[in-house]
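Residue-level listing of the chains:
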Amino acid sequence: FKEEKVEGFSRNIVALYDYLRDTRPEVPLFERFAQRERSPDEPCLPANGLFAERLAHAGDEYALAPAQRDSLSHLLNGRAGDILAVNGPPGTGKTTLLLSVVASLWARAAAAGGEPPVIVASSTNNQAVTNIITAFGKDFATGSGPFAGRWLPDIRSFGAYFPKASAEAEMARTYQTRSFFTELESQDYLDKAQQAYLAHAAEAFPDMLSPSVADTVERLRDAIRGRQQQLANIEQAWARLAEARQAIQTLLGDDPQAAIAQLHEQLQACDQQLADTQALLTRFKHHLANEPLLYTLFGWFGPVAGKRLRLAKLQFDEAATELQSASSLSEIEARLTAAVAQASKARKTAEAQLHQAQQLQIAEQRHLANWQSVVAVLPIPDKPAAEITLVDCDNWADTSLRFEIFLLTTHYWEGRWLMEVGESLPEILKSRNKTGRKTLEQNWRRWMKLTPCLVATFFMLPKELRCKRHDGNGFVDAYALDFIDLLIVDEAGQALPEVAAPSFALARQALVIGDTQQIEPIWSI
């Protein structure tokens, strides 16, 4: 960096670079960001993949578009060290995607019952990050009914903003900053918040008599998991129905009814063929039984044998060449017996084919009935179950089930925050000036229960995650490396690589959102 830039906010970035150079820690996301070779391509997930993994949605009016849905699925399918890049011009819904990413990760952690994820959105300039924080204040839908909005007072947004220290007082008037959390972590607010929370809980769960915060939290988690199971049921039912339809398609083609009619005709033809061959064999046996005794006694004599053969052949149509060409009575009987066996085998094959086709149809009807049953939890318009697809359900689930999960998740984490602060407020107040990594992580996890995303520029983020560690002689500077669960880079086209890079060492996974058609940033080095 230029000398004068290091004196400004860049010194936070340079300090983190120095720390990484000196300590050489294992930070997979930073290493992925900095690697020279290109990572191998991976196959894309199928459309509407991870249906049940996409747990929450930010609104009850509009569903995600297919491209947004694909982006969310691939992010949720990511591993530590993965970077997902999402490109699109203005107005293509990149911010909407960001909201659903945060909502889904927040809900997934609630269903699991552990700690909330640490999600940080960042960019290089204040305008980009305040755009994000503004969206977190107004773009999450409120909903209606007892679960609508927030159950805790004075919380205006689902995002928090950590600006430079000199701007804290001014920014705190508009955004939820560090001082916002400090004000909430007090006995006065705790008492007021708990009273408001339990009043909402009593309205939402009228069957619970005098619910406690812990009871409410457990009930909310059960509700989240119940809706999560409904999503899983829809996904599984569709997979079974699609498999049943594919089996019919493979066996019967594009017109199953015509194919089954043809199998019926084939079975009838086999029945007739078996009856005809059995009749011929019976007629032949009757003929032998009615022969004069002398013919049987002198059958060894050539002329008699010839006469017996000619008389036997008269029992059959001249068109039956196989029988007319036989050279002995035993050969005729063998051929007739073989024909009966062959006709019987053909009939069994035709019967098995028809039975298999009928069973596939029965299975499809059973899976269709199950499909109709599981999709009944969605706001389905007047449309037959057989015509409803997983794409339809994805759209309906966004604005119903997944939005409900988001509201339940909000109140679940509010309750968890009340429980944590209620149990450990003295320790929280006592640790205000502590700078160890353990305290830093506890603070951030606690804050994430109220605001699932925190926003800061790349110039400020290293400072926010700087901590102290004991090296044997005293305390030295360190950083909470590999701590952020998801780092979201917005307006990535404007973020200089060397400015953004060190923040990647603080995170496990990254979502990079931008527009390749934007004007490139200006380098100052």
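Just so it is clear, the structure is predicted and the values come from calculations on it, not from any experiment.

Student: Quick rundown of the overall build of the chain? Include the residues and the values.
Tutor: Scanning the chain from N- to C-terminus turns up 20 helices and eight strands. Relative to the compact-globule value of 24 Å for 525 residues, the chain shows a C-alpha radius of gyration of 38 Å, a clear excess of over 25%. Considering only intrachain contacts with a sequence separation of at least 6, the fraction spanning at least 24 residues in the chain is 74%. Split by element, the accessible area of the chain, about 26700 Å² in all, is 52% carbon and sulfur. Averaging the coordinates of the 53 positive side-chain charges in the chain and doing the same for the 65 negative ones gives two points 4 Å apart.

Student: Got a sec to walk through the nonpolar core? Specific residues and values, please.
Tutor: For soluble globular proteins, the rule of thumb is that nonpolar side chains tend to be buried together. One finds Trp371 and Trp444 to be the most contacted residues of the largest nonpolar core, which totals 133 residues. Those residues in contact with Trp444 that lie beyond four places of it in its chain are Val118, Val120, Phe162, Leu454, Leu461, Glu464, Leu465 and Phe483. Counting 11 residues, the second-largest nonpolar core is a separate cluster that includes Ile248, Ala259, Ile260 and Leu267.

Student: Can you lay out the sheet that holds strand β8 (residues 510-514) for me, pointing to particular residues and giving the numbers?
Tutor: Strand order in the open sheet formed by six strands is β1-β8-β7-β2-β4-β3, and the pairing between neighbours is parallel. The outermost strands of the open sheet, each flanked by one partner alone, are β1 (83-87) and β3 (159-161). Taken pair by pair, the neighbouring strands of this sheet meet at an average axis angle of 20°, ignoring direction. Inspection of the sheet shows strand β2 (residues 119-122) paired to strand β4 (residues 453-455) by two bridges, in the parallel sense. When the sheet's bridge partners are listed, Val120 is paired in β4 with Leu454. Against the sheet, helix α4 (residues 66-76) makes contact with β1, β7 (486-489) and β8, and its axis sits at roughly 170° relative to β1, the strand it touches most.

Student: Tell me what's going on with the pattern of salt bridges, and back it up with residues and numbers.
Tutor: Between side chains of opposite charge, a pair can form when the charged atoms approach closely. Scanning all chains against the criterion turns up 30 salt bridges. Across the pair Glu414 and Arg150 runs a salt bridge whose closest N-O atoms are separated by 2.7 Å. Remark: Arg150 occurs in the loop between α6 (126-138) and β3 and Glu414 occurs in helix α17 (residues 401-430); sequence separation between them is 264 residues. Neither residue differs from the other here; Glu414 and Arg150 are each classed as buried.

Student: Can you break down the packing of α4 against helix α5 (residues 94-112) residue by residue, with the values?
Tutor: Where α4 contacts α5, the two axes come as close as 10 Å, and the packing angle between them is 40°. Classified by the angle between their axes, α4 and α5 sit oblique to one another. For the pair α4 and α5, the crossing hand works out as right-handed. Counting all contacts with α4, which are made through Gln68, Ser71, Leu72, Leu75 and Leu76, the residues of α5 involved are Thr96, Leu97, Ser100, Val101, Ser104, Leu105 and Arg108. In terms of residue class, the contact of α4 with α5 is built from six nonpolar, five polar and one charged.

Student: Report on the packing of aromatic side chains, specifying residues and quantitative values.
Tutor: Tallying each qualifying case throughout the model produces 23 aromatic pairs. Summarising the aromatic geometry, the rings of Trp106 and Phe158 are spaced 6.1 Å apart at their centres and angled 85° between planes, so their arrangement reads as edge-to-face. In this pair, Trp106 sits in helix α5 while Phe158 sits in the loop between α6 and β3, placing the two residues 52 residues apart along the sequence. Given the relative accessible area of 0%, Trp106 is considered buried. Owing to a relative accessible area of 10%, Phe158 belongs among the buried residues under this scheme. Consider the rings of Phe180 and Phe181, whose centres lie 5.1 Å apart with planes at 65°: the pair is edge-to-face. Per residue, the accessibility class of Phe180 equals that of Phe181, and both read buried. One aromatic cluster is present, formed by Trp106, Phe136, Phe140, Phe158, Phe403 and Phe406 through successive ring pairs. A cation over an aromatic ring shows up here: Arg150 above the ring of Phe158, its NZ or CZ 4.5 Å from the ring centre. The lysine or arginine in question, Arg402, covers the ring of Phe51, its NZ or CZ lying 4.8 Å from the ring centre.

Student: Give a detailed account of the confidence of the model for the chain, specifying residues and quantitative values.
Tutor: Here the chain averages 89 in pLDDT, while 93% of its residues score no lower than 70. Segment residues 1-7: pLDDT under 50, and 14 contacts once partners within four positions in sequence are set aside and those in other chains are kept.

Student: Now, about unusual backbone geometry: what can you tell me, with residues and values included?
Tutor: Within the chain, Asp154 stands out as a residue other than glycine whose phi angle is a positive 70°. Residue Asp154 is classed as partly exposed on the basis of its relative accessible area of 44%. If you check the backbone angles, Glu491 has positive phi at about 50° while not being a glycine. Residue placement: Glu491 occurs in the loop between β7 and α20 (497-504). Overall, the relative accessible area of 28% leaves Glu491 in the partly exposed class.

Student: Can you lay out helix α10 (residues 213-252) for me, pointing to particular residues and giving the numbers?
Tutor: Taking 1.5 Å per residue, 40 residues should reach 58 Å; α10 reaches 58 Å between its end C-alpha atoms and fits that length. Two residues or fewer after α10 comes Gly253, characterised by a positive phi angle close to 80°.

Student: Can you break down the environment of Ala237 residue by residue, with the values?
Tutor: Here Ala237 lies in helix α10. By relative accessible area, which is 1% here, Ala237 ends up buried. Sequence-wise, Ala237 and Gln372 are 135 residues apart; in three dimensions their C-alpha atoms are separated by 9.2 Å. For Ala237, the contacting residues outside a window of four places in its chain are Asn370, Trp371 and Val374.

Student: Hey, could you go over the pairing of strand β6 (residues 475-479) for me, with residue numbers and the actual values?
Tutor: Bridge count between strand β5 (residues 466-470) and β6: five bridges; the pairing is antiparallel. Note on β6: the bridge partner recorded for His470 is Phe475. Counted along the chain from β5 to the antiparallel partner β6, the turn is four residues long, and its residue Gly472 has a positive phi close to 105°.

Student: Help me get a handle on the packing of α10 against α17, residues and values and all.
Tutor: With their axes 9 Å apart at the nearest point, α10 and α17 run at an angle of 155° to one another. In this view, α10 runs roughly antiparallel relative to α17, as classed from their interaxial angle. The handedness of the crossing between α10 and α17 comes out as left-handed. In contact with Val213, Ala214, Val217, Leu220, Arg221, Ala223, Ile224, Arg227, Gln228, Gln230, Leu231 and Ile234 of α10, α17 contributes Leu401, Arg402, Glu404, Ile405, Leu408, Thr409, His411, Tyr412, Gly415, Arg416, Leu418 and Met419. Each residue belonging to the contact of α10 with α17 can be placed in one class, and the counts come to 14 nonpolar, five polar and five charged.

Conventions and cut-offs
Residues numbered from 1 in each chain as written. Predicted model: local features only at pLDDT ≥ 70, side-chain atom pairs only at ≥ 80, totals over all residues. Heavy atoms only, no water. Helix = DSSP H or I, 4+ residues; strand = E, 2+ residues; numbered from the N terminus. Rg over C-alpha atoms; globule rule 2.2 N^0.38 Å. Contact = heavy atoms within 4.5 Å. Areas by Shrake-Rupley, 256 points an atom, 1.4 Å probe, with all protein chains shown as cover. Lys, Arg positive; Asp, Glu negative; His and termini not counted. Charge placed at Lys NZ, Arg CZ, Asp CG, Glu CD. Core = buried A, V, L, I, M, F, W, Y, C linked by side-chain atoms within 4.5 Å. Buried < 20%, exposed > 50% of the residue type's maximum accessible area, 1.4 Å probe, protein only. Pairing = 2+ DSSP bridges. Axes fitted to C-alpha atoms, helices over the stretch in contact; angles between N-to-C directions. Salt bridge = Lys/Arg side-chain N within 4 Å of Asp/Glu carboxyl O. Parallel < 35°, antiparallel > 145°, perpendicular 65-115°, else oblique. Left-handed = near helix turned anticlockwise from the far one by under 90°. Nonpolar A, V, L, I, M, F, W, Y, C, P; charged D, E, K, R; others polar. Phe/Tyr/Trp six-rings, centres within 6.5 Å; stacked < 30°, edge-to-face > 60°. Lys NZ or Arg CZ within 6 Å of the ring centre and 35° of its normal. pLDDT = per-residue confidence, 0-100. Expected span 1.5 Å × (residues − 1).

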